[in-house]
2 protein chains.
Amino acid sequence: MFTSMPITLDLALGVNMHKLLIVSRDADAYRERIDAHQIASLDIVQAVSDIRDLAPQDRVDILLGDPDMCAQSLHRIPEIDWIQSTWAGVKPIVDTQKASTLLTGIKGVFGEQMREYVMAYLLHFNRQIDEFKQLQQRQEWLQPRCAPLSGQTIGILGLGSIGLEVAHTAKHFGMKVIGVSRKSIENLSIDKHYTLDQHADFAPQLDYLVCLLPHTTATEKVINDTFLSKLKPSCVIINAGRAQSIDYVALQNALKNNRLRAAVLDVFEQEPLPQSSPLWRMSNVLITQHTAAISNVDDITGVFMQNYLHFCENKPLNFQIDWDIGY
Amino acid sequence: MFTSMPITLDLALGVNMHKLLIVSRDADAYRERIDAHQIASLDIVQAVSDIRDLAPQDRVDILLGDPDMCAQSLHRIPEIDWIQSTWAGVKPIVDTQKASTLLTGIKGVFGEQMREYVMAYLLHFNRQIDEFKQLQQRQEWLQPRCAPLSGQTIGILGLGSIGLEVAHTAKHFGMKVIGVSRKSIENLSIDKHYTLDQHADFAPQLDYLVCLLPHTTATEKVINDTFLSKLKPSCVIINAGRAQSIDYVALQNALKNNRLRAAVLDVFEQEPLPQSSPLWRMSNVLITQHTAAISNVDDITGVFMQNYLHFCENKPLNFQIDWDIGY
């Protein structure tokens, strides 16, 4: 998206040197991409993909990194001006760092992947792909009918840039789209807006529930037993936000007792999901291993370089985290 | 789509009585829907769901029916003014009846179902849903990456109302959309248009090939060994048009030798597909039993009633078949 953006900072910026530390599973790839821009003012002091390799740092001006690795590094870095997260979710940093630090996230690069992920699984259930495969195995010609998606209701929890992209695509398919977010929202793709405390009105309408909430104290376990009990037994839940929004024990019980059709789960409180988790073995659970929307090094580098330009020019950075709400 | 259209023909039409014969698997449902309109001028002489029940008919003004059943009935009906097909494909009638008869098809009611069908299977392969299920069965956390659909190329054979609806949705997902049709077409969703004899340029570009061609002498076995050999081995074929457009023996060979990733087949030369067909048992074939877009009695009745209004008023009917091209 931002990959081919030209960066021409070299002229004015030779004066101020900025020390950049990279802590990310993709550290080498980030170093290579940033080096390719040949910015004289930017000095990559270290790029580590394993936190145990982090050298003692006197001062770092800028930290670019995966939030969990950032959280583990921060106590070893006395001074820091700006942290650029490589993920959309920044909770590990918010929980660790003092609120005065300039912290920026990532937006606008996950919506495309997420709408493909959500529609893939929504259509998977709606077109009964597994049922047709079973008929094929038995060589039975029964011609089951699939109800059109058009006219069915999708509920989206979380109406940030990703949620709105999913809403837009659901609307393209003629679905009724209702959504929940903290702030009321005016958007052509959202037929009706609810707040979290209106779940008793919201939940019973849904054929599909898509959870894209960030992890904050306000969103923890909002999908609990009470919420789940309001859903139709034919409802399919897709969670591609954060595991903490859903009470997974309550969800497991609902699925076990067929009070829901199925759940597609991308995120888990512990990742990799431990082998002992019963979720692996439930026939109405599909596990997608936190792959719904993957940070692409080129996209993230684009966001970082654009923000570095603003940083040098003392302009406001894109996608600044509001420490009060945590995203 | 047309279901709630008010029909108020009773006034002027009491004079001319029209004898209507219905031959369809859904004959009873059609009789009930048409009776509900209480049109005095329309006399349903018989409604049969099994051709063996057809009584000898002196004269029928209008025949509403499934094309294969119409074809079997026509030699027993001496006079007929207008045939309304209940399907989009009218080849059985075109092959049987003399070209002077007014014949109307069905358009505009299948696009919505077809775009859901095509996108369901396209996203099924693109998001590697089966691969994730296999990982889940083995409880392996490997986080395979899925390339975004956006930027990939879909080729659509047949750019009628259904093909254009699929093109519009593929474009919504950011795909490159190229298409083949007899006549050149200007449409915002089609990036480039080809004719069938340009398949050597068309085929090698495709990540997904969707065949929606009608069955005519010009479309028979256009996807043959030569065409298939031009496709990338990673290409997925979806055939939801007519079986006759594809040389299924050549297709089976290509799939057996992994010269294609997979085929999703909705239509077959013989339906139900015989148990002896090797297609049932091929691991890279998905069979959907001619269910991609199903004639809905309410929709078809709406098309018929609208056309009956035009018929009574001597206006041109909707979706008239051109006997020269066969659709």
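Residues numbered from 1 in each chain as written. Chains lettered and ligands numbered in written order. Predicted model: local features only at pLDDT ≥ 70, side-chain atom pairs only at ≥ 80, totals over all residues. Heavy atoms only, no water.

**Q** Could you give an account of the domain arrangement of chain A, naming the residues involved and the relevant values?
**A** Many structure descriptions define interface size as the accessible area lost when the parts assemble. All names here are of chain A. Per the domain assignment, the segments of chain A are domain 1 (11–108 + 295–312) and domain 2 (111–287). At the junction of the two partners, domain 1 supplies five residues and domain 2 supplies five residues. Note on domain 1 versus domain 2: buried area summed over both sides is about 420 Å², and carbon and sulfur give 52% of it. The largest contributions to the domain 1 side of the interface with domain 2 come from Gly 89, Lys 91 and Gly 108, which together make up 68% of the buried area. Between domain 1 and domain 2 we count zero salt bridges in total. Between domain 1 and domain 2 we count zero residue pairs in polar contact (both at pLDDT 80 or more) in total. (Domains from an automatic or database assignment. Contact = heavy atoms within 4.5 Å. Buried area = accessible area lost by both parts, 1.4 Å probe. Salt bridge = Lys/Arg side-chain N within 4 Å of Asp/Glu carboxyl O. Polar contact = N/O pair within 3.5 Å; in protein donor to acceptor, adjacent residues only side chain to side chain.)

**Q** Summarise the relation of the copies chain A and chain B; cite the residues concerned and give the values.
**A** Between the two copies of this chain, the relationship is a rotation about some axis together with a displacement along it. Mapping chain A onto chain B calls for a rotation angle of 180° and an axial translation of 0.0 Å; the resulting RMSD is 0.0 Å. The symmetry that links the two subunits is that of a two-fold axis. Distance from the rotation axis, computed per C-alpha, reaches its smallest value in chain A at A:Ala120: 3.0 Å. With an isologous cut-off of 70% or more, the 100% of interface residues of chain A that recur at the interface of chain B puts this contact in the isologous class. (Least-squares fit on C-alpha atoms with pLDDT ≥ 70 in both.)

**Q** I'd like to hear about the environment of A:His193, residue by residue, with values.
**A** Residue and element names in this part refer to chain A. For His 193, the location among the structural elements is in strand β8 (residues 192–194). Residue classification places His 193 among the buried positions, given a relative accessible area of 18%. In this structure, the C-alpha to C-alpha distance between His 193 and Arg 115, residues 78 residues apart in sequence, is 20 Å. When residues no more than four places from it in sequence are discounted, the contact partners of His 193 are Leu 159, Gly 179, Val 180, Ser 181, Lys 183, Ser 184, Ile 185 and Gln 198. Engagement of the side chain of His 193 in a polar contact is seen with the side chain of Ser 181, the distance being 2.8 Å. A polar contact of 3.1 Å, which involves the side chain of His 193, links it to the backbone oxygen of Lys 183. (Helix = DSSP H or I, 4+ residues; strand = E, 2+ residues; numbered from the N terminus. Buried < 20%, exposed > 50% of the residue type's maximum accessible area, 1.4 Å probe, protein only.)

**Q** Run through the sheet that holds strand β6 (residues 153–157) of chain A, naming residues and quoting values.
**A** One key point about sheets: their strands pair by backbone hydrogen bonds, in either a parallel or an antiparallel sense. All names here are of chain A. Strand order in the open sheet made by the seven strands is β8-β7-β6-β9-β10-β11-β12, with parallel pairing throughout. The open sheet has two edge strands, β8 and β12 (285–287), and neither has a second partner. Adjacent strand axes in the sheet meet at a mean angle of 15° when their direction is disregarded. Along the sheet, helix α10 (residues 248–256) makes contact with β10 (236–239), β11 (262–265) and β12, crossing β11 at roughly 145°. (Pairing = 2+ DSSP bridges. Axes fitted to C-alpha atoms, helices over the stretch in contact; angles between N-to-C directions.)

**Q** How would you sum up the packing of helix α2 (residues 27–36) of chain A against helix α11 (residues 297–312) of chain A? Please name residues and give values.
**A** Residues and elements named next belong to chain A. Where α2 contacts α11, the two axes come as close as 10 Å, and the packing angle between them is 55°. Between α2 and α11, the angle is such that the two are oblique. When you trace α2 past α11, the crossing you get is right-handed. Along the contact surface, α2 presents Ala 29, Tyr 30, Arg 33 and Ile 34, while α11 presents Val 297, Asp 298, Ile 300, Thr 301, Phe 304 and Met 305. When the residues that make up the contact of α2 with α11 are grouped by side-chain class, the tally is seven nonpolar, one polar and two charged. (Parallel < 35°, antiparallel > 145°, perpendicular 65-115°, else oblique. Left-handed = near helix turned anticlockwise from the far one by under 90°. Nonpolar A, V, L, I, M, F, W, Y, C, P; charged D, E, K, R; others polar.)

**Q** How would you sum up the interface of chain A and chain B? Please name residues and give values.
**A** Contacts between the two partners involve 53 residues from chain A and, on the opposite side, 53 residues from chain B. Carbon and sulfur atoms make up 54% of the surface buried where chain A meets chain B, a total of about 4800 Å² over both sides. On the surface where chain A and chain B come into contact, there are two salt bridges. Taking the shortest distance from any N to any O, the salt bridge between A:Lys133 and B:Asp130 comes out at 2.7 Å. Remark: the boundary between chain A and chain B carries 34 residue pairs in polar contact (both at pLDDT 80 or more). Those elements giving two or more residues to the side of chain A that touches chain B turn out to be α5 (111–126), α6 (129–137), α7 (161–172) and β12 of chain A. For the side of chain A that touches chain B, the element with the most residues is α5(A), which contributes 11 residues. The residue inventory of the side of chain A that touches chain B, partitioned by class, reads 26 nonpolar, 17 polar and 10 charged.

**Q** Go over the pattern of salt bridges, please, and point to the residues and values.
**A** All names here are of chain A. Counted according to the given criterion, the structure contains 35 salt bridges over all chains. Taking the shortest distance from any N to any O, the salt bridge between Arg 115 and Glu 165 comes out at 3.1 Å. You can see Arg 115 sitting in helix α5 and its partner Glu 165 sitting in helix α7, a full 50 residues away along the chain. Three or more residues are tied together by salt bridges with common partners; here these are Arg 59, Asp 61, Glu 79 and Asp 81.

**Q** Let's hear about the pairing of strand β9 (residues 208–211) of chain A: which residues, and what values?
**A** Residue and element names in this part refer to chain A. Residues of β9 alternate between two faces, with Tyr 208 and Val 210 on one and Leu 209 and Cys 211 on the opposite face, all of them buried. Of the strand pairs in this sheet, β6 and β9 are connected by four bridges, and their pairing is parallel. Bridge assignment links Ile 154 to a residue of β9, and that residue is Tyr 208. Alignment of β9 against β10, held across four bridges, turns out to be parallel. Residue Cys 211 lies in a different strand from β10, and its bridge partner there is Asn 239.

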